[in-house]
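# Close look at the chain arrangement
One-letter residues, chain by chain:
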Amino acid sequence: MTAREVPGEFDRRVLVTIQQLEDGAYAPDIAHELERGAGKTVSRGALYTALDRLEQRGLVRWSIEEATEERGGLPKRRFEITETITETVVRQ
Amino acid sequence: MSDSTPRPPLLASAVLRLLLPKGIVRDSILGDFWEEYGQRCEAGSAFGARLWYWRHALGLGAHTLARRLRPQRQTADAERRSPAAGDARTPDPALVFGAGGRDFSKRGGFLDDLAIDLRYGARQLIRRPAFTVMVVLTLAVGIGPNVAIFSVMKGLILRSLPYPEPHRVVAIWQTETSFRGYMPLSTHAYDELREGNGSFAELGVYVPYSFNLRDEGEPVRVDGIACTASVLRALGMQPALGRLFTDAEEVAGRNQVVILSDGFWKRRYASDPNIVGKLVNINGDGFRVIGVMPESFEFVSLWGSSARPDIHLPLVLPRGELYRGRHWLLSLGRLQDGVPVGAAEADLRGIAARLAEEAPNTNALIQVWIDPLLRSSLGGVARTLVFLLIIVGVVLLIACANVASMLLARGSHRMTELAVRATLGAGRRRLVRQLITESLLLSFFGGIIAVLIAMWGIEALRGMIPEGVPRAEGVQLDGWVLFFTLVITSITGLVFGLAPALFASRADLAGALKEGLGIDSGWRSRRRSLRLLVALQLGMAFALVNATMLLVVSYRNVVSVPIGFDGERVLLAGIYTDGTAYEESEARFAFWQDLTQRVGGLPGVELAAATTKLPLRGGNNAFVISADEAYDPGVRGILVEHSWVMPGYIEALGIPVLEGRRLEQEDLDATRSEPGADVRVVVNQALVDRFWPGESGLGKRLRQNGNPPMYAATVIGVVDNVRQWGLERPSLPEIYIPYTPIAGRPTYLVVRTAGDPSALVPAVRQIVHELDPNLAVTATSMEEIVEVVTETRRFSLLLVALFAGAALFLVAAGTYGVMSYSVSQRVREVGVRVALGADRGRLLLFFLGDGLRFASWGLGLGLVSAIWVAIITRNQIYGVNPFSPVLLVGGAVFMVAVVLVAIAVPIYRASRVDPMEALRTE
């Protein structure tokens, strides 16, 4: 991992949270978990941007889950950490 | 989609949808938001959830926007570093390869392209500042008046009335069965309608009055209303201090209570928090203040009553036989929840039909109808505003055509650039979008200046809204008006931008590239479009000019209407002789007799008299029949205006006597000493023409159409017709009866003076106060009254003339521009012609013919639009044929003159072309 690829503080927290939420986390869960830990609201803008960034760097991936009614029939993305970096993140 | 979970705020999710790049990621994020919104709604308040949604949607939008703009900035930096960047003529690579600028952003989409287009567009506009300023100003001139007129419409018409559930508040009118008129209710009808209906939660009546109010010092005239308690309840407002009246206070003796308006409480009593319970002197009697209405309360008065009530008093209804046929009560009610207007109207009509059967004497041929309160309160203003909105709409179209022609002409300069970009791979859609973005950018700048123009315009318009239009202070620039501006600005940008954009993008590449070498192959077709646009502008401007001329002629006709009296040097003083001191008719009579005699004796006074009704200010009418007709409740008779006047009135106003004589003191005395005998009256010529056409009116007998009649009369004189309902409505038959004062209505002191009438005001005021210190006097002059009735007309005339002037300026500038362009494109041709020996006179004629040819297209088109505008102007004009051929021809000549002025300079320049110079430009 080059210097540029080392995730920042917030990104690292997101990664750890995804790691903690087993069976694939999705964004609202991650947000709630982060908020519980930090004791303050997490900006959804920051969260989705972080997820995007992590995905581009190959640190997370997502899969699509069936749409449900309480989401207005819209799809759901479940995030998980790519196996290769699991160790790196935890060690940091 | 589910109905079980709450739907997120529509606008916020639309914003999110717009800002995020299309695809499954966007859908999943929207889904996350949806789900979380639902959870928050369940857990807490819907408002909190909405707030949360907005906050995070905007936050995410901002993040996305920031991320997307970043790669482009890097690109731009890179470009600046590259050696080619030094060449200003190299088109922006972001656009050349602009099948989307996507090369620079893997996630490219609407926003990326928009950002590029905007930056590029802004650069283009800055590069040609003069052009940009011209276009922006033209657009501002087009959009500004629309914003101003819209804000007036919004403030007066589109804003709902300031009452809870305003749609349930309606006005109730009686009317003749033959047409739908605005006739107030009679006491009897009110009682029956209120008791008998099953549709109204509240129904009440009121009468606008002026009161003499005196606490310390000089008494003042205060506008107010006397109303039943149900009126205030129907409006659904609670007082800010104290309480409303109760029904029990509508009885003489218990009615001496008053509710103040917020404004009056602040102005007159300096917001005294302890005002409730205090006594004020109204019409000489003590009234206790029981409440103050809230600031938001506004009594929307009907029937063009100009007064904004400052005080509200209980109305004590007289219920004698005499009042059965007297229609004097304005009425409003609140419908029961869920009852539609139609059903309520049917309900009231049933009662009216029963009344007509039971008491045909006063109720035959009279019907009831319901009008939404807002419409009843606006009168003719709505129509004038719609008319003005159409006019400013036309100005905006002209501005659009004007800017479109400027853009089209500029297209020639940009052809090369666009062609290069197309060659390098930009698709047609992409180019059109770029050009439209530029148009939108221009129109937004125009919109900003338009708002400034509108701010000024709204101020001016507010000052010019005729008195009597309710809620004029609600006319302001607010969020809705700004939203309207945004919408109209966007539409404007699309309208003027689309045609030139499509045109430019369709141009053939080879031709455009050749043009870059100085050969403009596309200019012929462009010139055709340009001329079409100018013709369009000419046509619309012609219509505006025609409308202006129609209004000018109408105005001239209105002010030169023979009003039937001489208003110069006539002082008017309105005095209400009301209150317990004047309960007896004798007391009132004595006061007026004294007053006219004493004022008549003042130096500088030629004559002093009194009347219950002034010319031009509406009237007081009743049905009259000839004395030899038998009374029949099924026959209405002829509607006649009634004025009760003191001797000397006809002379004081200079109304010409056509036959017989004026009313004298002896006639007044006779009326008073012989009750039951015929009263001696003077009538106008219109009455004689209706009752006894071709005959003399002298000695003829009449009576009021009632059983028993209010009076029977013998005609002793005939005078000229005086205009009663403004200048524009023809005179109705009128009857002048020896003075009997009427309670609750002002009597006007009419004084013909030798000099300036206003100089006499202090003396008159002093005499009134010597007679009764409680009476307030409002003074005006007859000339002012004449002035006021022409105010609205002058106002719309001024506006339309202003707009037509702006339109003409735009059109002249447009014509000049197109002709200059046309000439500049033909310099070489002219050069060759001159070199081959063409004489300059012929050249001049050639170009003149050219210019006039497209002027004639415009005039042809203008004829059609002028006729259309004449149709919509129809109800604004007076005494002139809307399709007057003289005006149409005059307008056409005027337009040709404008075209000639506009093309004179380019033509002159063309005729002075030096052939050597022209050929050298090759």
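Presented here is an overview of the structure given in this document. Counting starts from 1 at the beginning of each chain's written sequence and moves along it residue by residue. All chains are assigned letters beginning at A, and all ligands numbers beginning at 1, according to the order in which they are written. Residue-level local features of this predicted model are given only where pLDDT is at least 70; pairs of side-chain atoms are given and counted only at 80 or more, and the full residue set underlies all totals for whole chains, interfaces and linings. For the side-chain quantities, the full set of heavy atoms in the structure was used; hydrogens and water were omitted.

### Points about the overall build of chain A
Heads up, the condition is: Only DSSP runs of H or I reaching four residues or more are called helices, and only runs of E reaching two or more are called strands; each is numbered from the N terminus. A simple rule labels every residue: compare its accessible area, found with a 1.4 Å probe on the protein chains alone, to the largest value its type can have, and call it buried under 20%, exposed over 50%, or partly exposed in between. Contact between two residues is taken to exist if any of their heavy atoms lie within 4.5 Å; hydrogens are not considered. Areas reported as accessible are Shrake-Rupley estimates using a 1.4 Å probe. Residue values count occlusion only from the protein chains shown.
Secondary structure assignment for chain A yields 4 helices and 2 strands. Element order for chain A, N to C, with α for helix and β for strand: α-α-α-β-β-α. Within chain A, buried positions represent 41% of all 92 residues. A fraction of 50% describes how many contacts in chain A between residues 6 or more apart in sequence connect residues 24 or more apart. Just so you have it, chain A exposes about 5100 Å², and 45% of that area is on carbon and sulfur atoms.

### A few points about the overall build of chain B
Summing up its helical and strand segments, chain B has 28 helices and 22 strands in all. Looking at chain B as a whole, 53% of its 922 residues qualify as buried. When the accessible surface of chain B is totalled, it reaches about 40100 Å², and 60% of it is carbon and sulfur.

### Here we look at a nonpolar patch on the surface
Residues and elements named next belong to chain B. Rules: The patches described consist of residues with a relative accessible area above 30% and no salt bridge, like charges being joined within 9 Å and nonpolar side chains (Val, Leu, Ile, Met, Phe, Trp, Tyr) within 5 Å. Any Lys or Arg side-chain nitrogen found within 4 Å of a carboxyl oxygen on Asp or Glu counts as a salt bridge.
Residues Phe444, Trp480, Phe483, Leu486, Val487, Ile491 and Val495 make up a contiguous nonpolar surface patch of roughly 690 Å² in combined accessible area. Sorting elements by how many residues they give to the nonpolar patch places helix H15 (residues 479-506) first, with 6 residues. Within the secondary structure, Trp480 is located in helix H15.

### Things to note about the packing of helix H1 (residues 10-19) of chain B against helix H2 (residues 24-43) of chain B
All names here are of chain B. Applicable threshold: Throughout, an axis means a line fitted to C-alpha atoms (over the contacting stretch in the case of helices), and angles, computed between N-to-C directions, take values from 0 to 180 degrees. Angles are sorted into four bins: roughly parallel if under 35 degrees, roughly antiparallel if over 145, roughly perpendicular if 65 to 115, and oblique for all others. Each crossing gets its hand from how the near helix is turned against the far one by less than a right angle, where anticlockwise is left-handed and clockwise is right-handed.
At a closest axis distance of 10 Å, the pairing of H1 and H2 adopts a crossing angle of 155 degrees. It follows that H1 is roughly antiparallel to H2 by the angle criterion. The interaxial crossing formed by H1 with H2 has right-handed handedness. Contacts between H1 and H2 involve Ser13, Leu16 and Arg17 from the former and Arg26, Leu30 and Phe33 from the latter.

### Regarding the interface of chain A and chain B
Operational definition: Each of two parts loses accessible area, computed with a 1.4 Å probe, when they are put together; buried area is these two losses added. N or O atoms closer than or at 3.5 Å make up a polar contact, with two conditions inside protein: a donor-capable atom paired with an acceptor-capable one, and, for residues adjacent in sequence, both atoms drawn from side chains.
At the interface, 25 residues of chain A touch 26 residues of chain B. Three residues, Arg44, Tyr48 and Leu74 of chain A, lead the burial of chain A against chain B; their summed loss comes to 23% of the area buried on that side. Linking chain A with chain B are 3 salt bridges. With its nearest N and O atoms 2.3 Å apart, the salt bridge here joins Arg44 of chain A to Glu36 of chain B. For the pair chain A and chain B, the interface holds 9 residue pairs in polar contact (both at pLDDT 80 or more).

### A look at the packing of aromatic side chains
Under the convention used in this document: Aromatic pairing here means that ring centres of Phe, Tyr or Trp (its six-membered ring) are within 6.5 Å. Orientation follows from the plane angle: under 30 degrees is stacked, over 60 is edge-to-face, and everything else is tilted. Note on criteria: charge over ring means Lys NZ or Arg CZ within 6 Å of the ring centre, with the direction from the centre no more than 35 degrees off the ring normal.
Tallying each qualifying case throughout the model produces 20 aromatic pairs over all chains. Relative to Trp369 of chain B, the ring of Tyr182 of chain B has its centre 5.2 Å away and its plane inclined at 65 degrees; by these criteria the two rings are edge-to-face. Within this pair, whereas Tyr182 of chain B is found in the loop between strand E1 (169-176) and strand E2 (185-186), its partner Trp369 of chain B is found in strand E11 (residues 366-372), the two being separated by 187 residues in sequence. The rings of Tyr48 of chain A together with Phe33, Tyr37, Trp52 and Tyr53 of chain B are connected pair by pair, giving a single aromatic cluster. Lys76 of chain A extends its terminal NZ or CZ atom over the ring of Tyr26 of chain A, reaching a point 3.9 Å from the ring centre. Positioned above the aromatic ring of Phe589 of chain B, the side-chain terminus of Arg672 of chain B is 3.5 Å from the ring centre.

### Topic: the side chain of Glu641 of chain B
Cut-off, in case you're wondering: Think of it this way: Lys and Arg go in the positive column, Asp and Glu in the negative one, and His and the chain ends go nowhere.
Turning to its location among the elements, Glu641 of chain B is positioned in strand E15 (residues 638-645). Buried charge Glu641 of chain B goes without a salt bridge, the closest partner of opposite sign being Lys613 of chain B at 4.3 Å.

### Remarks on the pattern of salt bridges
A full pass over the atoms with the stated rule returns 38 salt bridges over all chains. Residue Lys266 of chain B is joined to Asp262 of chain B by a salt bridge in which the shortest nitrogen-to-oxygen separation is 2.9 Å. Separated by 4 residues within a single helix, Lys266 of chain B and Asp262 of chain B lie in helix H9 (residues 262-269), roughly one turn from each other. When its relative accessible area of 12% is taken as the criterion, Asp262 of chain B is described as buried. Taken together, the shared-partner salt bridges in this structure form one network comprising Glu35 and Arg44 of chain A together with Glu36 and Arg40 of chain B.

### Examining unusual backbone geometry
A negative phi holds for most residues other than glycine; trans holds for most peptide bonds. Residue and element names in this part refer to chain B. In this model, Ser271 sits at a positive phi of 55 degrees, which is unusual for a non-glycine residue. Residue position: Ser271 is located in the loop between H9 and strand E7 (279-282). Even without being glycine, Asn283 reaches a positive phi, approximately 50 degrees. Tracing the sequence through the fold places Asn283 in the loop between E7 and strand E8 (285-292). By relative accessible area, which is 11% here, Asn283 ends up buried.

### What about helix H3 (residues 44-56) of chain A?
Residues and elements named next belong to chain A. Threshold: What a helix should span is 1.5 Å times the count of its residues minus one.
A rise of 1.5 Å per residue sets the reference length of H3, with its 13 residues, at 18 Å; its end C-alpha atoms lie 18 Å apart and thus fit the reference within 8%. Where H3 is concerned, the buried positions are Arg44, Gly45, Leu47, Tyr48, Thr49, Ala50, Leu51, Asp52 and Leu54. Structurally, the start of H3 carries an N-cap: the backbone nitrogen of Gly45 is 3.2 Å from a side-chain oxygen of Ser43. Remark: Gly58 follows H3 within two positions and exhibits a positive phi of approximately 80 degrees.

### Remarks on the packing of helix H1 (residues 9-20) of chain A against helix H2 (residues 27-38) of chain A
Residue and element names in this part refer to chain A. Applicable threshold: Just so you know the grouping, Ala, Val, Leu, Ile, Met, Phe, Trp, Tyr, Cys and Pro go in nonpolar, Asp, Glu, Lys and Arg go in charged, and all remaining residues, Gly too, go in polar.
Interhelical geometry of H1 versus H2 gives an angle of 110 degrees and a closest axis separation of 10 Å. When the axis of H1 is compared with that of H2, the two are roughly perpendicular. Pair H1 / H2 crosses with right-handed handedness. Taking contact as the criterion, the partners of Phe10, Arg13, Val14, Thr17 and Ile18 in H1 are, on H2, Ile30, Glu33 and Leu34. Counted by class, the contact of H1 with H2 contains 5 nonpolar, 1 polar and 2 charged residues.

### Observations regarding the pairing of E15 of chain B
Along any regular strand, the residues point their side chains to alternate faces of the sheet. Residue and element names in this part refer to chain B. What counts here: For two strands to count as paired, DSSP must find a minimum of two bridges between them.
The element E15 is extensively covered by neighbouring structure, given that 7 of its 8 residues are classed as buried. Relative to E15, strand E14 (residues 621-626) runs antiparallel, the two sharing 4 bridges. Within the sheet, the bridge partner assigned to Ala622 lies in E15 and is Val640. The sheet contact formed by E15 and strand E20 (residues 734-738) spans 5 bridges and is parallel. Its bridge partner lying in E20, Glu641 is registered against Glu734.

### Observations concerning the side chain of Thr489 of chain B
Residue and element names in this part refer to chain B. Among the structural elements, Thr489 can be located in helix H15. Residue classification places Thr489 among the buried positions, given a relative accessible area of 2%. A distance of 2.4 Å separates a polar side-chain atom of Thr489 from the backbone oxygen of Thr485. Aside from chain neighbours lying at most four places away, what touches Thr489 is Ile143, Ser443, Phe444 and Gly447.

### Topic: the pairing of E8 of chain B
Residue and element names in this part refer to chain B. The element E8 is extensively covered by neighbouring structure, given that 6 of its 8 residues are classed as buried. As judged from the 4 bridges shared by strand E6 (residues 257-260) and E8, these two strands associate in the parallel manner. Pairing of Ile259 across the sheet is with Gly291, part of E8. Both E7 and E8 contribute to a ladder of 4 bridges, which runs antiparallel. For Asn281, the partnering residue across the bridge sits in E8 and is Gly286. Linking two consecutive strands that pair antiparallel, namely E7 and E8, is a turn of 2 residues; a positive phi of about 50 degrees is found at Asn283 within it.

Taken by themselves, the reported measurements are silent on function.
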